[in-house]
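# Survey of secondary and tertiary structure
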Amino acid sequence: LIDGYPWHRYADLIQSVVVEEGVTTLAEIAFHGLDNLQSVTLPGSLTTIGDAAFAFCPALESVEIPAKVSSIGKEVLITALRTLCQMLLTLPTGAK
């Protein structure tokens, strides 16, 4: 979690994020490390998502990427993707 962000002192309370229409870029590590973040709403105006914007947000359940996004940084959803892969790769009971 980055100390210099204005929401740092509220990080444990943040469960959802709504980025307002008109925003075109999410900075790198914008919401990095928000342990309780579950949902994100991004505006149609968004074109760029910076590196690790939602990295290490283990509770994140969904993010819909707007159609205008043409640049997505590295490791944007690193922890959330790992959780998703674990869910998808769960074998049925008795499978070997």
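Residues numbered from 1 in each chain as written. Predicted model: local features only at pLDDT ≥ 70, side-chain atom pairs only at ≥ 80, totals over all residues. Heavy atoms only, no water.

Below, the discussion takes up the packing of aromatic side chains. Considering all chains together, one arrives at one aromatic pair under this definition. Considering the side-chain rings of Phe 31 and Phe 54, the 5.6 Å spacing of their centres and the 10° angle between planes classify their relative orientation as stacked. One end of the pair, Phe 31, is in the loop between β2 (25-26) and β3 (39-41); the other, Phe 54, is in the loop between β4 (48-49) and β5 (62-63), with 23 residues separating them in the sequence. Phe 54 carries the same exposure label as Phe 31, and that label is buried. (Phe/Tyr/Trp six-rings, centres within 6.5 Å; stacked < 30°, edge-to-face > 60°. Helix = DSSP H or I, 4+ residues; strand = E, 2+ residues; numbered from the N terminus. Buried < 20%, exposed > 50% of the residue type's maximum accessible area, 1.4 Å probe, protein only.)

Right, let's get into the sheet that holds β5. Overall, parallel pairing links the three strands, which are arranged β1-β3-β5 in an open sheet. Among the strands making up the open sheet, the edge pair consists of β1 (16-18) and β5. (Pairing = 2+ DSSP bridges.)

Moving on: the nonpolar core. Counting 19 residues, the largest nonpolar core has Leu 26, Phe 31, Leu 34, Leu 37, Leu 42, Ile 49 and Phe 54 as the members making the most contacts within it. Contact partners of Phe 31, with chain neighbours within four places excluded, come to Trp 7, Val 17, Val 19, Leu 26, Leu 37, Ala 53, Phe 54 and Cys 57. (Core = buried A, V, L, I, M, F, W, Y, C linked by side-chain atoms within 4.5 Å. Contact = heavy atoms within 4.5 Å.)

Positioned with a positive phi, Ala 52 is a non-glycine residue whose angle comes to about 55°. Locating Ala 52 in the fold gives a position in the loop between β4 and β5. What makes Ala 52 buried here is its relative accessible area of 11%. You will see that Phe 56, though not glycine, has its phi angle at about 60°, which is positive. Relative to the helices and strands, Phe 56 resides in the loop between β4 and β5.

Pairing within the open sheet is parallel, and its three strands lie in the order β2-β4-β6. Every other strand in the sheet has two partners, leaving β2 and β6 (71-72) as the edge strands with one partner each. Note: β4 against β6, two bridges, orientation parallel. Pairing of Thr 48 across the sheet is with Ser 71, part of β6.

Turning our eyes to something else, we now look at the environment of Ser 71. Structurally, Ser 71 is set in strand β6. A residue is classified by how much of its surface remains accessible, and Ser 71, at 34% relative accessible area, is partly exposed. Distance from Ser 71 to Thr 47, taken between C-alpha atoms, is 6.6 Å for residues 24 residues apart in sequence. When neighbours within four sequence positions are excluded, Ser 71 is seen to be in contact with Thr 47, Thr 48 and Ile 49.

Turning to the side chain of Ser 45, a few remarks are in order. Mapped onto the fold, Ser 45 is located in the loop between β3 and β4. Residue Ser 45 is classed as buried on the basis of its relative accessible area of 12%. Residues contacting Ser 45, with those up to four places away along its chain left out, are Glu 20, Glu 21, Gly 22, Val 23, Thr 24 and Lys 68.

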